[in-house]
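If you want the building blocks of each chain, they are given just below.
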Amino acid sequence: MKTRKIISVLLVVALMMSALVLTSCEKEEDVLTVYTNAEFPPFEYLADNKPVGVDMQIAQAIADELGKKLVIKNVKFDTILSSISSGKGDLGIAGITVTPERAESVDFSVNYATSTQYIVMKKDAEIKTIEDLAGLKIGVQLGTTGDFIISDEISGTEDEETGEHIKGVLEGTGATVTQYNSAADAAVNMDSGKVDVVVIDMLPAEIVAGQYDNFKAIELVYADGSKTDESYAVAVKKGNKELLDTVNKVINRLIEEGKIDKWVVEHTTQSSKG
Ligand code: ARG
């Protein structure tokens, strides 16, 4: 009698435990994993050690639409796209500029914001165009479009059809590029004189420039007047049409409701305080 009782108690405990395991597995499936790099205010930055910002609100809206729990992974910017194309993460939301090269490895949602590159410099610097960066030490965030533009202008590029070398506007001028893990990191090194300027997207540039009394930021323009127009979109694993459709639906709704503009203003104010 007694052993029977013990056995049935054990059985009940085992059942309860397997039920627990099952529910936690189920929960796992109900998660939306978003990869970001929280070094890019107002789109993503840390507040009390938690990633917040415009992109994180977009991420939450998508998770809500899907009825899933949002999990944010804060990683280095240049690793985000490979984590999405490998299926490690569901979405990359990190102020990611759509480029033809990137579109080969992931699918992009509709655009939700636009930007251009900016040059952060000391207030007394008389730089007007990218050509004025000749011979200077230029800081960028590794793997960003600012990095690509400056690196290409320093080393030159190749004509895709003829393979002919196209001279960069900074080529042979002695200009150098230093890649940092964040714009904030680059700014610290500009403050100490290790680099002369920092090239990064508009809003992060304005915010970081505002954090130093002797910094200013101007738009990056070429001597011929051309600029670097960029659009931000959410990265989805190639071919995941169902998720992409939901992301597009949510973004279109947020734009229509004026939410994204509102969040940009709110998070610019909030992240500028720090
Ligand atoms: N828009 C630029 C790019 O796509 C910079 C993005 C950096 N984003 C970030 N969260 N650090 O390359």
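Scroll up a little and you will see the structure.
Just so you know, these numbers come straight off a predicted model, no measurement behind them.

> What exactly am I supposed to notice about the overall build of the protein here?
Counting its secondary structure elements, the protein contains 8 helices and 16 strands. In terms of overall dimensions, the protein has C-alpha extents of about 90 × 45 × 40 Å along its principal axes. For the protein, the residues scored as buried account for 44% of the 274 residues in total. Excluding contacts between residues fewer than 6 apart, the proportion of contacts in the protein whose partners are at least 24 apart in sequence is 74%. When the accessible area of the protein is evaluated, it comes to approximately 14600 Å², of which 53% is carbon and sulfur surface. Of note, the protein has its 27 positive side-chain charges centred 13 Å away from the centre of its 44 negative side-chain charges.

> Can you walk me through the sheet that holds strand 16 (residues 235–237) in this structure?
In a beta sheet, neighbouring strands are held together by backbone hydrogen bonds and run either parallel or antiparallel to one another. Strand order in this open sheet of 5 strands is 4-1-5-16-6, and the pairing throughout is mixed. Strands at the two margins of the open sheet, each flanked by one partner only, are strand 4 (69–74) and strand 6 (106–108). Here 3 bridges tie strand 6 to strand 16, and the two strands are oriented antiparallel to one another. By the bridge assignment, Asp107 is partnered in strand 16 with Val236.

> Sorry if this is basic, but what is going on with a negative patch on the surface here?
On the surface, Glu101, Glu104, Asp152, Glu160 and Glu161 cluster together into a negatively charged patch. Here Asp152 is to be found in helix 4 (residues 145–155).

> Would you mind showing me how to read helix 2 (residues 54–66) here?
Residues lying three or four places apart along an α-helix face the same way, a consequence of the helix completing one turn every 3.6 residues. Look at helix 2: 19 Å from first C-alpha to last across 13 residues, which is about the 18 Å you get at 1.5 Å a residue. Buried residues of helix 2: Val54, Asp55, Met56, Ile58, Ala59, Ala61, Ile62 and Ala63, and no others. Where helix 2 is buried, its residues touch strand 1 (31–36), strand 3 (50–52), strand 4, strand 5 (91–92), helix 7 (241–256) and helix 8 (259–273). After helix 2 finishes, the residue Gly67 shows a positive phi value of roughly 70°.

> Got a minute to help me understand unusual backbone geometry in this structure?
Peptide bonds are trans in most cases, and residues, glycine excluded, mostly fall at negative phi. Here the amide bond leading from Pro41 into Pro42 is cis, since omega sits at 5°, within 30 degrees of zero. At Asp48, a position not held by glycine, the phi torsion is positive, near 50°. With respect to the helices and strands, the residue Asp48 is situated in the loop between strand 2 (45–47) and strand 3. Although it is not a glycine, Asn49 adopts a positive phi angle of roughly 65°. For Asn49, the position within the fold is in the loop between strand 2 and strand 3.

> Can you help me understand the sheet that holds strand 9 (residues 137–141) in this one?
The strand order across the open sheet formed by 5 strands is 12-9-13-8-14, and the pairing between neighbours is mixed. Looking along the sheet, the strands with just one partner apiece sit at the ends: strand 12 (176–180) and strand 14 (215–219). Mean inter-strand twist for the sheet, computed between neighbouring axes without regard to direction, equals 30°. Relative to strand 13 (residues 197–201), strand 8 (residues 117–122) runs antiparallel, the two being bridged by 4 bridges. By the bridge assignment for strand 13, Tyr118 is matched with Ile200. Its contacts with the sheet place helix 4 against strand 8, strand 9, strand 12 and strand 13, and it is angled at close to 160° to strand 12.

> It is not clear to me how the site of the ligand should be interpreted in this structure. Could you clarify?
Lining the immediate surroundings of the ligand are 15 residues, of which Asn37, Thr97, Arg102, Thr145 and Asp201 lie closest. Note that a nitrogen atom of the ligand is positioned 2.7 Å from one of the side-chain N or O atoms of Asp201. Burial of the ligand by the surrounding chains reaches 100%, relative to a free accessible area of 350 Å². Of the residues in the shell around the ligand, the class split is 5 nonpolar, 6 polar and 4 charged.

> Would you explain the nonpolar core in this entry?
Soluble globular proteins tend to pack their nonpolar side chains together in the buried interior. Of all hydrophobic cores here, the largest spans 43 residues; its most connected members are Phe43, Ile58, Leu91, Tyr112 and Val120. Contributing elements (two or more residues each) for this core: strand 1, helix 2, strand 8, helix 5 (183–191), strand 13, helix 6 (202–210), helix 7 and helix 8. When sequence neighbours within four positions are dropped, the list of residues in contact with Leu91 reads Leu32, Thr33, Val34, Tyr35, Ile62, Ile84, Val234, Ala235, Val236, Leu243 and Val247. Counting residues in hydrophobic clusters, the runner-up holds 17 residues, among them Val140, Ile150, Ala175 and Tyr222.

> How do you make sense of the environment of Gly193 when you look at a structure like this?
Mapped onto the elements, Gly193 comes out in the loop between helix 5 and strand 13. For the pair Gly193 and Lys137, spaced 56 residues apart in the sequence, the C-alpha separation amounts to 9.4 Å.

> I would appreciate a short explanation of helix 7 in the present structure.
Taking 1.5 Å of rise per residue, the 16 residues of helix 7 would be expected to cover 22 Å, and the 22 Å separating its terminal C-alpha atoms lies within 8% of that figure. Regarding helix 7, the residues found buried are Leu243, Leu244, Thr246, Val247, Asn248, Val250, Ile251 and Leu254. Once helix 7 ends, the next one or two residues include Gly258, with phi positive near 75°.

Quick notes on the rules
- Per-chain numbering applies: the sequence of each chain, read as written, is numbered from 1 onward.
- Side-chain atom pairs in this predicted model are given and counted only at pLDDT of 80 or more, local residue features only at pLDDT of at least 70, and totals for whole chains, interfaces and linings cover all residues.
- The basis for the side-chain values is all heavy atoms of the structure; hydrogens and waters are excluded.
- Counting from the N terminus, the helices are the DSSP runs of H or I reaching at least four residues and the strands are the DSSP runs of E reaching at least two.
- Burial here depends on accessible area, computed with a 1.4 Å probe over protein chains only, as a share of the maximum for the residue type. Under 20% is buried, over 50% is exposed, and the range in between is partly exposed.
- Any two residues having at least one pair of non-hydrogen atoms within 4.5 Å are treated as being in contact.
- Only the protein chains shown count as cover for residues, with accessible areas throughout obtained via the Shrake-Rupley method and a probe of 1.4 Å.
- The convention is simple: Lys and Arg are positive, Asp and Glu are negative, and His and the chain ends are not counted.
- Where a charge sits is defined by one atom per residue type, namely NZ (Lys), CZ (Arg), CG (Asp) or CD (Glu).
- At least two DSSP bridges between two strands are needed for those strands to be called paired.
- Candidate patch residues must exceed 30% relative accessible area and have no salt bridge, after which like charges are joined if within 9 Å and Val, Leu, Ile, Met, Phe, Trp or Tyr side chains if within 5 Å.
- Here a salt bridge means any side-chain nitrogen of Lys or Arg lying within 4 Å of a carboxyl oxygen belonging to Asp or Glu.
- By this rule, a helix spans an expected 1.5 Å times one less than how many residues it contains.
- All axes are obtained by fitting lines to C-alpha atoms, using only the stretch in contact for helices, and the reported angles, taken between N-to-C directions, cover 0 to 180 degrees.
- Here a residue is considered near a molecule or strand provided that any single heavy atom belonging to it is located within 4 Å of it.
- Between N or O atoms, a polar contact is any pair within 3.5 Å; within protein, one atom must be a potential hydrogen donor and the other a potential acceptor, and residues adjacent in sequence are included only when both atoms are from side chains.
- Side-chain classes are defined by residue name, with Ala, Val, Leu, Ile, Met, Phe, Trp, Tyr, Cys and Pro counting as nonpolar, Asp, Glu, Lys and Arg as charged, and the others, Gly among them, as polar.
- Throughout, nonpolar core names a set of buried Ala, Val, Leu, Ile, Met, Phe, Trp, Tyr and Cys residues whose side chains join them through atoms within 4.5 Å.

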